[in-house]
Amino acid sequence: MDYFLTYWYFHLPNYVLAAVFWTMLGRFLLGLFVPLDWDNFIWRFFRLLTDPVLALIRPLTFGLVPEGLLPLVAAFGLVVVRFAYWVLLFRLGWAPPLPGAVAS
């Protein structure tokens, strides 16, 4: 627990980005089988969590990506953001060390 609290500024955003990433993949896979206006509570939750991310990604694609593939593009973008955040923290010397890793 001390490890988490010491590096909360890394773990909290990383966890949120990971949760949105997996929800985005879930939305893509479920979207293969259900209509966009389906009234199921799981689908509504997926849309509630992922629609803001898709709204950010949509202008970046200039309308070239079909609506059905946009969640995959957004998922890739989330992976890039997670990696860029880690690189930023690593370059600043704030990234958490791997447990059990030997410092050089």
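Owing to the predicted nature of the structure, the values given are computational and were not obtained by experimental measurement.

Asker: Which parts of the structure should I look at to understand the overall build of the chain?
Answerer: A count of helical and extended segments in the chain gives four helices and zero strands. Going residue by residue from the N terminus, the α and β elements of the chain occur as α-α-α-α. Since a compact globule built from 104 residues should have a radius of gyration of about 13 Å, the 17 Å found for the chain marks it as more spread out than a globular shape. The principal-axis extents of the C-alpha atoms in the chain amount to approximately 50 × 30 × 20 Å. Relative to its 104 residues, the chain shows a buried fraction of 27%. Look at the contacts in the chain between residues 6 or more apart in sequence, and 57% of them connect residues 24 or more apart. Taken as a whole, the chain presents about 7,600 Å² of accessible surface, with 75% of it coming from carbon and sulfur. The averaged location of the 5 negative side-chain charges in the chain is 7 Å from the averaged location of its 6 positive side-chain charges.

Asker: Help me understand unusual backbone geometry in this model?
Answerer: Trans peptide bonds make up most of the peptide bonds, and negative phi angles are found at most residues other than glycine. We note that phenylalanine 62 has phi near 55°; this positive angle belongs to a residue other than glycine. Relative to the helices and strands, phenylalanine 62 resides in the loop between helix H3 (41-60) and helix H4 (70-92).

Asker: Which parts of the structure should I look at to understand the packing of helix H2 (residues 8-31) against H3?
Answerer: Two measures define how a pair of helices packs: the angle their axes make with one another and the distance between the axes. Where H2 meets H3, the closest approach of the two axes is 9 Å, and the angle between their N-to-C directions is 120°. Accordingly, the angle class assigned to the pair H2 and H3 is oblique. Handedness of the H2/H3 crossing: left-handed. Touching Val20, Thr23, Met24, Gly26, Arg27, Leu30 and Gly31 of H2 are Ile42, Trp43, Phe46, Arg47, Leu49, Thr50, Asp51, Val53 and Leu54, all from H3.

Asker: I tried to follow the layout of surface pockets on my own but got confused; where do I start?
Answerer: Over the atoms a probe the size of a water molecule is rolled, and this reveals where empty space is left. Looking at the second largest pocket, its volume works out to about 170 Å³. Every element with two or more residues in the lining of the second largest pocket is listed here: H2 and H3. A total of three residues in the lining of the second largest pocket trace back to one element, the largest contributor, which is H2.

Asker: When you look at the packing of H2 against H4 in this model, what are you seeing that I'm missing?
Answerer: As a packed pair, H2 and H4 sit with axes 9 Å apart at the nearest point and diverge in direction by 165°. Accordingly, the angle class assigned to the pair H2 and H4 is roughly antiparallel. Handedness of the crossing formed by H2 with H4: left-handed. Of the residues in H4, those touching H2 at Tyr9, Phe10, Pro13, Asn14, Leu17, Ala18, Val20, Phe21, Met24, Leu25, Arg27 and Phe28 are Pro71, Leu72, Ala74, Ala75, Leu78, Val79, Val81, Arg82, Tyr85, Trp86 and Leu89. Residues that form the contact of H2 with H4 fall into these classes: 20 nonpolar, one polar and two charged.

Asker: Quick question: what am I supposed to make of the pattern of salt bridges here?
Answerer: A side chain with one charge can pair with a side chain of the opposite charge if their charged atoms come near. In this structure the tally under the stated criterion is four salt bridges. Note that aspartate 39 and arginine 44 form a salt bridge whose closest N and O atoms lie 3.2 Å from each other. The exposure class of aspartate 39 is exposed, given its relative accessible area of 58%. Between arginine 58 and glutamate 67 there is a salt bridge, with its nearest N and O atoms 2.7 Å apart. Residue classification places arginine 58 among the partly exposed positions, given a relative accessible area of 34%. When its relative accessible area of 45% is taken as the criterion, glutamate 67 is described as partly exposed.

Cut-offs and rules
- Sequence order as written defines the numbering, with residues in each chain counted from 1.
- Per-residue local features are limited, in this predicted model, to residues with pLDDT of at least 70; the limit for side-chain atom pairs, both in listing and counting, is 80 or more; totals at the level of whole chains, interfaces and linings are taken over all residues.
- Values reported for side chains reflect all heavy atoms of the structure, with hydrogen atoms and water molecules removed beforehand.
- In this text, helices come from DSSP runs of H or I with a minimum length of four residues, and strands from runs of E with a minimum of two, each type numbered from the N-terminal end.
- In this treatment the radius of gyration is a C-alpha quantity, and the globule benchmark scales as 2.2 Å times the residue count to the 0.38 power.
- Classification of residues uses two cut-offs on accessible area relative to the type maximum, computed with a 1.4 Å probe and protein chains only: under 20% is buried, over 50% is exposed, and between them is partly exposed.
- Two residues form a contact once any of their heavy atoms are found within 4.5 Å.
- Residue-level accessible areas treat just the shown protein chains as cover; the underlying method is Shrake-Rupley with a 1.4 Å probe.
- In this charge count, Lys and Arg are treated as positive and Asp and Glu as negative; neither His nor the chain ends contribute.
- For the purpose of locating charges, the reference atoms are NZ of Lys, CZ of Arg, CG of Asp and CD of Glu.
- Each axis is a line fitted through C-alpha atoms, taken for helices only over the stretch in contact, and angles between the N-to-C directions span 0 to 180 degrees.
- Oblique is the label for any angle not under 35 degrees, not over 145, and not in the 65 to 115 range, which are roughly parallel, roughly antiparallel and roughly perpendicular in turn.
- Crossing handedness: left-handed means the near helix sits turned counterclockwise from the far one by under a right angle, and right-handed means the same turn made clockwise.
- A cavity here means a set of 1 Å grid points, computed over protein atoms only, where a 1.4 Å probe fits but cannot escape. A pocket is an open set with protein on both sides within 12 Å along at least 5 of 7 lines, and lining residues have an atom within 4 Å of a point.
- Grid points are joined across faces, edges and corners, and a volume is the space filled by probe spheres set on the points.
- In this classification, Asp, Glu, Lys and Arg are treated as charged, Ala, Val, Leu, Ile, Met, Phe, Trp, Tyr, Cys and Pro as nonpolar, and every other residue, Gly included, as polar.
- By salt bridge we mean one thing: a side-chain nitrogen of Lys or Arg within 4 Å of a carboxyl oxygen of Asp or Glu.

It is worth stressing that arrangement in space is one thing and function is another; only the former is reported here.
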